[in-house]
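As a plain string of letters, each chain reads:
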Amino acid sequence: MLLDKRVCASERYGIMICRLLTCVLIISTVLLDSVVAQSPRDLSTLFFDGRAYLTEEDGRPYSGPVVITNTHSSSKEEGTLKDGVRDGVFEWFFENNQVGFRDTYRNGERDGPFEYYYKNGFLLEKGSMRNGRRHGPSEEYAFRLYRLTHKGNYDLGYKCGSWMENGKSRSYDPCPTN
């Protein structure tokens, strides 16, 4: 009778270990899938149907990292497509691997912060977009002098409020408060 209780206890212990190991295996697999990065796909291997980039293999919209290379200038662009359209940050690099621009996209449209740089790394312009239009604070810097030449705000593509343009103050219609 004592032996039967030990066997039953060890079987329960074994079942618990088995369940625990199964949970650990499932969690490890999920984490590994999220940690292992998908290799960027060359955009030229996808088909653009006028709305989205599709895989040639099955004709479905592609989601994942992409790279766009220019063999003539050795420049490249990197970013991510979601359901076949740009989504997230796209970066373009000069042939010296210096960032030339950084744009943010949402559902295929520029939406979020952007920055443009000179080839030497100095900032040319920064601002943000909403629904494909300039929106919010904006700054522009002069070529070679690298000093601020324009500063102000946009409201969905239109200058608003107080601006500094080439050292002179200028006023536009007030910016909306929302």
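As shown above, the structure is provided for reference.
Residues numbered from 1 in each chain as written. Predicted model: local features only at pLDDT ≥ 70, side-chain atom pairs only at ≥ 80, totals over all residues. Heavy atoms only, no water.

A. Summary view of the packing of aromatic side chains. By the definition in use, this model includes 11 aromatic pairs. Plain terms: the ring middles of F122 and Y146 are 4.2 Å apart, the flat faces sit at 20° to each other, and that makes the pair stacked. Of this pair, F122 sits in the loop between β9 (109-117) and β10 (123-130) while Y146 sits in the loop between β12 (136-141) and β13 (148-155); the two residues are 24 residues apart in sequence, bridging distant segments of the chain. Exposure remark for F122: the relative accessible area of 43% places this residue in the partly exposed category. The partly exposed category is assigned to Y146, whose relative accessible area is 29%. Three or more aromatic residues link up through ring pairs in this structure, and these residues are W92, F94, F101, F114 and Y116. For the cation-ring pair, R41 lies above Y62, with the distance from its terminal atom to the ring centre recorded as 5.6 Å. (Phe/Tyr/Trp six-rings, centres within 6.5 Å; stacked < 30°, edge-to-face > 60°. Helix = DSSP H or I, 4+ residues; strand = E, 2+ residues; numbered from the N terminus. Buried < 20%, exposed > 50% of the residue type's maximum accessible area, 1.4 Å probe, protein only. Lys NZ or Arg CZ within 6 Å of the ring centre and 35° of its normal.)

B. Local environment of the nonpolar core. If you look at the biggest cluster of nonpolar residues, it comprises 8 residues: L43, L46, Y53, Y62, V66, L81, F90 and Y105. Not counting chain neighbours up to four residues away, the residues in contact with Y53 comprise L43, L46, F47, F48, R60, P61, Y62, L81 and G84. (Core = buried A, V, L, I, M, F, W, Y, C linked by side-chain atoms within 4.5 Å. Contact = heavy atoms within 4.5 Å.)

C. View of the pairing of β12. By the bridge criterion, 2 bridges tie β10 to β12 in an arrangement that is antiparallel. In the strand pairing of β12, E125 is matched with E140. By the bridge criterion, 6 bridges tie β12 to β13 in an arrangement that is antiparallel. The residue of β13 that forms the bridge with S138 is G152. Between β12 and β13, which follow one another and run antiparallel, lie 6 residues, and R144 among them has a positive phi close to 70°. (Pairing = 2+ DSSP bridges.)

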